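# Geometric and topological summary
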Amino acid sequence: MAAKIANKVRVVGICGSLRKESYTRMALKVALRGAEEVGAEAHLIDLRDYQLIFCDGGDRDDDRPKDVVRLCDEVKRAQGILLATPEYHGGYSGVLKNALDLMGFDEFEGKMIGLVGVSGGNMGAFDALSALRSVGRALHAWVVPEQAAVTNVDEVFDDKGKCKDEAIERRLKAVGRQVAKFASLHNSEQAREFLQFWEAATENPGGENR
């Protein structure tokens, strides 16, 4: 049994697939269960439930559609975020790209991010996950080392969404657990004290001649 986290955190999982019977959503639910098992509050953000506009690169303002505001608010409330995507043509899905483009530093900066990718072939979703890792860095988020790339995904889940491969299930849950644990540590009193000391430190504590 995995050890419980010391500080209560909220972990959201954004599903980058709009398919009704989505393997991406199935995999993400397993990862979110991993976060729940260590004591995090877990919530699935299913982009099918949001009427999102296409990002046009314009300024963000109070005239944004209500579902864009709702998405941003859901992610802002979280300390940990799971991004899940199918791999399409060597990259992550367009619907996830658009959702990420509608958000920014307000939603992601300083948060813990875990990555889940699925692929119909045996090469995995490594290119998609690598691209998402770069997105996380660009948004000043912390992308945790653990990630899960599920290959031949149509053979992994049954028609009820149950994972048939125990090793893959453990890997997916491990991503959720790691996001929850690092988010809990990052939001601990000791971490906040360290950040306060760091921000108050001089620019060059060693002196000009060192």
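We now turn to the structure provided with this report. Note on numbering: residues in each chain are counted from 1, in written sequence order. The predicted origin of the model limits local features to residues at a pLDDT of at least 70 and limits the giving and counting of side-chain atom pairs to 80 or more, whereas totals for whole chains, interfaces and linings rest on all residues. Neither water nor hydrogens contribute to the side-chain values; these are computed over all heavy atoms in the structure.

## As for the overall build of the chain
- Secondary structure follows DSSP: runs of H or I at least 4 residues long count as helices, runs of E at least 2 residues long count as strands, and numbering of each begins at the N terminus. Across its full length, the chain holds seven helices and five strands.
- Each helix and strand of the chain, ordered N terminal to C terminal, gives the series β-α-β-α-β-α-α-β-α-β-α-α.
- Taking all 210 residues of the chain together, 45% fall into the buried category.
- Contacts between residues were defined by any pair of non-hydrogen atoms, one from each residue, lying within 4.5 Å. Look at the contacts in the chain between residues 6 or more apart in sequence, and 76% of them connect residues 24 or more apart. Between buried and exposed lies partly exposed: a residue is buried under 20% and exposed over 50% of the maximum accessible area for its type, with that area taken using a 1.4 Å probe on protein chains only.

## Quick look at the environment of A78
- Structurally, A78 is set in the loop between α2 (66-76) and β3 (80-86).
- For A78, a relative accessible area of 1% puts it in the buried group.
- With 30 residues separating them along the chain, A78 and F108 place their C-alpha atoms 9.1 Å apart.
- Residue contacts for A78: discarding those within four places in its chain leaves R10, V12 and K111.

## Topic: the pairing of β3
- Most of β3 sits inside the fold, with seven of its seven residues counted as buried.
- Of the two faces of β3, the one holding G80, L82, A84 and P86 and the one holding I81, L83 and T85 are both buried throughout.
- As judged from the five bridges shared by strand β1 (residues 10-15) and β3, these two strands associate in the parallel manner. Counted as the bridge partner of I14 is L83 from β3. Whether two strands pair comes down to DSSP finding at least two bridges between them.

## Observations concerning the packing of aromatic side chains
- Pairing of aromatic rings covers Phe, Tyr and Trp, the last counted by its six-membered ring, and requires centre-to-centre distances within 6.5 Å; plane angles under 30 degrees mean stacked, over 60 mean edge-to-face, and any other angle means tilted. Considering all chains together, one arrives at zero aromatic pairs under this definition.
- We count a charge as sitting over a ring when the NZ of a lysine or the CZ of an arginine lies within 6 Å of the ring centre and within 35 degrees of the ring normal. Taking NZ or CZ as reference, R70 lies 3.9 Å from the ring centre of Y50, over its face.

## Details of the packing of helix α1 (residues 23-37) against helix α6 (residues 166-186)
- Axis separation between α1 and α6 bottoms out at 7 Å; the angle between their running directions is 50°. Overall, the two elements α1 and α6 adopt an arrangement that is oblique. Two packed elements cross with a definite hand, and for α1 against α6 that hand is right-handed. Taking contact as the criterion, the partners of A27, V30, A31, R33, G34, A35 and E37 in α1 are, on α6, E169, L172, K173, G176, R177 and A180.
- The residue makeup of the contact of α1 with α6, split by class, is six nonpolar, two polar and five charged. Axis definition: a line fitted to C-alpha atoms, limited for helices to the stretch in contact. Angles are taken between N-to-C directions and run from 0 to 180 degrees. An angle below 35 degrees is read as roughly parallel, one above 145 as roughly antiparallel, one from 65 to 115 as roughly perpendicular, and any other as oblique. Should the near helix be turned anticlockwise from the far one by less than a right angle, the crossing is left-handed, and should it be turned clockwise, the crossing is right-handed. Charged means Asp, Glu, Lys or Arg here, nonpolar means Ala, Val, Leu, Ile, Met, Phe, Trp, Tyr, Cys or Pro, and polar covers whatever is left, Gly included.

## Comments concerning the side chain of N98
- Along the chain, the position of N98 falls in helix α3 (residues 94-101).
- Judged by its relative accessible area of 12%, N98 falls in the buried class.

## Notes on the nonpolar core
- Residues V11, L82, F157 and L172 are the most contacted members of the largest nonpolar core, which totals 31 residues.
- In terms of residue count, α1 provides more of this core than any other element does, seven residues in total.
- Those residues in contact with L172 that lie beyond four places of it in its chain are A27, V30, A31, V116, A148, V150 and F157.
- We call a set of buried residues a nonpolar core when its members are Ala, Val, Leu, Ile, Met, Phe, Trp, Tyr or Cys and they connect through side-chain atoms within 4.5 Å of each other. Ranked by size, the runner-up nonpolar core spans 30 residues in total, among them V68, I81, F108 and L132.

## Some details on the side chain of E107
- Topologically, E107 is positioned in helix α4 (residues 105-108).
- N or O atoms within 3.5 Å of each other form a polar contact, as long as, within protein, one can give a hydrogen and the other can take it, and as long as residues adjacent in sequence are counted only when both atoms are side-chain atoms. Only 2.7 Å separates the side chain of E107 from the backbone nitrogen of G104, close enough to count as a polar contact.

## Topic: the pattern of salt bridges
- When a carboxyl oxygen of Asp or Glu is within 4 Å of a side-chain nitrogen of Lys or Arg, the pair counts as a salt bridge. Going through the model one piece at a time under the given rule, you end up with ten salt bridges.
- A salt bridge links D46 to R25; its shortest N-O distance comes to 2.9 Å. A residue pair is termed long-range when its members are at least 10 positions apart, and D46 in strand β2 (residues 41-46) and R25 in helix α1 qualify at 21 residues. When sorted by exposure, D46 lands in the same class as R25, which is buried.
- The closest approach of N and O atoms between R48 and D46, which form a salt bridge, is 3.3 Å.
- With a relative accessible area of 37%, R48 lands in the partly exposed category.
- Overall, the relative accessible area of 7% leaves D46 in the buried class.
- Salt bridges sharing common partners tie together R10, E41, E74 and R77.

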